[in-house]
Amino acid sequence: MVDLEYIAMFLNTLTPKFYVALTGTSSLISGLILIFEWWYFRKYGTSFIEQVSLNHLGPWLGGVENNNNGNNNTNNSQNNNQQSVPECKVWRNPLNLLRGAEYNRYTWVTGKEPLTYYDMNLSAQDHQTFFTCDTDHSRPSDELASVPSAVMQRAWRERNPQARIKAAHEALEKDSECATAYILLAEEEATTILETERLFKQALKVGEANYKKSQSTQHLGAHYEAIHRRDTNVCVYVRRRLAMCARKLGRVKEAVKMMRDLMKEFPMMSVLNIHENLIEALLELQAYADVQAVLAKYDDISLPKSATICYTAALLKARAVADNFPFASCRFSPEIASKRGLSTAEMNAVEAIHRAVEFNPHVPKYLLETKSLILPPEHLLKRGDSEAIAYAFFHLPHWKRVDGALNLLHCTWEGTFRMIPYPLEKGHLFYPYPSCTESADRELLPAFHEVSVYPKKELPFFILFTAGLCSVTALLALLTHQFPEPMGLVAKTFLNTITSPFNFLVEKLEGVLPSNLWHQLTRL
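Residues numbered from 1 in each chain as written. Predicted model: local features only at pLDDT ≥ 70, side-chain atom pairs only at ≥ 80, totals over all residues. Heavy atoms only, no water.

**Some remarks on the overall build of the chain**
Turning to step 1, where the next piece is worked out: Scanning the chain from N- to C-terminus turns up 26 helices and two strands.
Turning to step 2, where the next piece is worked out: Split into buried and exposed, the 524 residues of the chain put 43% on the buried side.
Turning to step 3, where the next piece is worked out: Summarising the internal contacts of the chain: among those between residues at least 6 apart in sequence, 71% fall at separations of at least 24.
Turning to step 4, where the next piece is worked out: Entry remark: accessible area of the chain is about 29,500 Å², with carbon and sulfur atoms responsible for 58%. (Helix = DSSP H or I, 4+ residues; strand = E, 2+ residues; numbered from the N terminus. Buried < 20%, exposed > 50% of the residue type's maximum accessible area, 1.4 Å probe, protein only. Contact = heavy atoms within 4.5 Å. Areas by Shrake-Rupley, 256 points an atom, 1.4 Å probe, with all protein chains shown as cover.)

Following this line, the structure appears as structure tokens:
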């Protein structure tokens, strides 16, 4: 045991400079911890200290639960995971931009990459699924080297854009009628929409010829059926992209006709969500009756919802309210509505807005321009920030065109949250909001974008604790530097107060224990 008299003498000889150094060092260390904790929370949405404590120290301190409880909980956790997977599925953006003519232009101007590696890797997997088939793998290796489809299969897997473009040109040199090579060049090499459209038309010409050829042989077996399925994917993809090019070039009526024909000829390709392209084009034409007809078909309880479906329905209901208030001075406001009550049209519009906000609560900030927009990703997560960006990027002009629609949204959208106080546990019209959206959106959206988080998380305890510790120690360091003598006296008094109970206990033990036993204890 250490000599207590020596400890007391040491504490009494400490100078004010020691206390200044002690409090200053404590303030610096706690400040560095606070900065790291804040950065980690902003990047990953959780506290680093809390995560380490739960994942590493918790099992070590608390031990491992018995096997019976673990086995009983396994099935429940698996069921919960299975229920959450559909909510967190990543979908291809129906209105995704062109890499060469649009995304690359943004990079040239700003120097920022609008697409993440995770997003582009998902696109590469989509292209391999759409534009290749099992027959491309079943050929000998020496024959594969000279087959355009095998060259394109390698091109879709390439990470480097220039290597993909080079492989597409190589495939065209081997076969000038390689439709997928034209697709890749239209997507990534063409720098204007007109050039993109020209390449897609060449791809369509070749793709339709291949489609007709494989259609006549698809009944001969699984081998030919796989080839026909690939040719069908090529035709549908190219025709859809041509419709989008026509929409971008201002030929909206032509784009609408192409989309309608495509949906009529290939109804089984609903997974591509071509109806969302059609809704956006019809809104550009202000053909609201046609939009309502499309919604009546796809806004069904048995079909998966999207921000386009929910917010377009809200827009049409808001337009009905705007028609009842043609003058700006008579626009909807909460004060006027509380005095006279809500009309039927207003009630329907408010309910539609609440429904849309419950489905995706991130959209209103972009539509009301309180949060800056970025280029939409090539993939999106339904009900997530990525879907909100993709929707608002294309549909914000349509909301602005309807007089009073944004004003109605501004006045009513926050009222949704009163109906769902615990959105992660229970929803009102939809399933509870999935908790996995934040992590998935961080993978899909570029690093320079601040991901919108719902529900908004409170600051973790350890950030508040380190902030308080840093503030207190910094204040003590400042006071000790300015008033060394009084603060030194306060510190000594504080230390004496803390050690006095211990000294009292030691004195009692010394009086009770025999002198030889006490002497042996003090020498330990």
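Now that the structure has been shown, the text picks up again.
**Side note on the side chain of Thr416**
Turning to step 1, where the next piece is worked out: The residue Thr416 is located in helix α22 (residues 416-419) in this model.
Turning to step 2, where the next piece is worked out: Polar side-chain contacts of Thr416 include one of 2.9 Å to the backbone oxygen of Trp413.
Turning to step 3, where the next piece is worked out: When near neighbours in sequence (up to four residues on either side) are disregarded, Thr416 contacts Ile353, His354, Val357 and Glu358. (Polar contact = N/O pair within 3.5 Å; in protein donor to acceptor, adjacent residues only side chain to side chain.)

**Thoughts on the packing of helix α8 (residues 148-157) against helix α10 (residues 179-189)**
In a pair of packed helices, the angle between the axes and the distance between the axes together describe the arrangement.
Turning to step 1, where the next piece is worked out: Where α8 contacts α10, the axes come no closer than 9 Å and their chain directions differ by 25 degrees. As the angle between them shows, α8 and α10 are arranged roughly parallel. For α8 against α10, the interelement crossing comes out left-handed. Here α8 contributes Met152, Ala155 and Trp156 to the contact with α10, which in turn contributes Thr180, Ala181, Ile183 and Leu184.
Turning to step 2, where the next piece is worked out: Taken together, the residues of the contact of α8 with α10 break down into six nonpolar, one polar and no charged. (Axes fitted to C-alpha atoms, helices over the stretch in contact; angles between N-to-C directions. Parallel < 35°, antiparallel > 145°, perpendicular 65-115°, else oblique. Left-handed = near helix turned anticlockwise from the far one by under 90°. Nonpolar A, V, L, I, M, F, W, Y, C, P; charged D, E, K, R; others polar.)

**Points about the packing of helix α13 (residues 252-265) against helix α14 (residues 274-284)**
Turning to step 1, where the next piece is worked out: Where α13 meets α14, the axes come as close as 9 Å, and the angle between the chain directions of the two elements is 155 degrees. As summarised for this structure, α13 and α14 are arranged roughly antiparallel, according to the angle between their axes. For the pair α13 and α14, the crossing hand works out as left-handed. Between α13, through Val252, Val256, Met259, Arg260, Leu262 and Met263, and α14, the contact on the second element is made entirely by Ile274, His275, Asn277, Leu278, Ala281, Leu282 and Glu284.
Turning to step 2, where the next piece is worked out: Class assignment of the residues belonging to the contact of α13 with α14 gives a composition of nine nonpolar, two polar and two charged.

**Here's the deal with the packing of aromatic side chains**
Turning to step 1, where the next piece is worked out: Throughout the structure, instances matching the rule amount to eight aromatic pairs.
Turning to step 2, where the next piece is worked out: Taken together, a centroid distance of 5.3 Å and an interplanar angle of 65 degrees make the contact between Phe359 and Phe430 edge-to-face. Of this pair, Phe359 sits in helix α18 (residues 344-359) while Phe430 is found in the loop between α22 and α23 (437-444), placing the two residues 71 residues apart along the sequence.
Turning to step 3, where the next piece is worked out: Note on Phe359: relative accessible area 5%, which makes it buried.
Turning to step 4, where the next piece is worked out: Assessed through its relative accessible area of 17%, Phe430 is described here as buried.
Turning to step 5, where the next piece is worked out: When the ring of Trp413 is compared with that of Phe417, the centres are 5.8 Å apart and the planes differ by 80 degrees; the resulting orientation is edge-to-face.
Turning to step 6, where the next piece is worked out: Feature note: the residues Phe130, Phe131, Trp156 and Tyr237 constitute an aromatic cluster, connected by ring pairs.
Turning to step 7, where the next piece is worked out: The side chain of Lys112 reaches across the aromatic face of Phe448, ending 4.8 Å from its centre.
Turning to step 8, where the next piece is worked out: Sitting above the plane of the Trp91 ring, Lys382 keeps its charged end 4.1 Å from the centroid. (Phe/Tyr/Trp six-rings, centres within 6.5 Å; stacked < 30°, edge-to-face > 60°. Lys NZ or Arg CZ within 6 Å of the ring centre and 35° of its normal.)

**A word on the nonpolar core**
Turning to step 1, where the next piece is worked out: Ranked by size, the top nonpolar core spans 61 residues in total, and within it Tyr311, Leu367 and Trp399 carry the most contacts.
Turning to step 2, where the next piece is worked out: Broken down by element, this core gets its largest block of residues, 10 residues, from helix α16 (residues 307-324).
Turning to step 3, where the next piece is worked out: Leu367 has contacts with Tyr311, Tyr391, Ala392, Leu396, Trp399, Leu406 and Leu409, leaving out every residue within four places of it along the chain.
Turning to step 4, where the next piece is worked out: Listed in part, the 32 residues of the second largest apolar core include Ala167, Ala171, Cys178 and Cys245. (Core = buried A, V, L, I, M, F, W, Y, C linked by side-chain atoms within 4.5 Å.)

**A few points about the environment of Pro376**
Turning to step 1, where the next piece is worked out: In this structure, Pro376 sits in the loop between α19 (363-367) and β2 (379-381).
Turning to step 2, where the next piece is worked out: On the accessibility criterion, Pro376 (0% relative accessible area) is buried.
Turning to step 3, where the next piece is worked out: The spacing of Pro376 and Tyr103 is 273 residues in sequence and 9.5 Å in space, taken between C-alpha atoms.
Turning to step 4, where the next piece is worked out: Beyond its immediate sequence surroundings of up to four residues, Pro376 is in contact with Asn93, Leu97, Tyr103, Ile389, Ala390, Phe393 and Phe394.

**Some points on α14**
Turning to step 1, where the next piece is worked out: Burial runs high along α14: 10 of the 11 residues are buried.
Turning to step 2, where the next piece is worked out: For α14, every residue scored as buried is listed here: Ile274, His275, Glu276, Asn277, Leu278, Ile279, Glu280, Ala281, Leu282 and Leu283.
Turning to step 3, where the next piece is worked out: Just downstream of α14, Gln286 is the residue with a positive phi angle, here 60 degrees.

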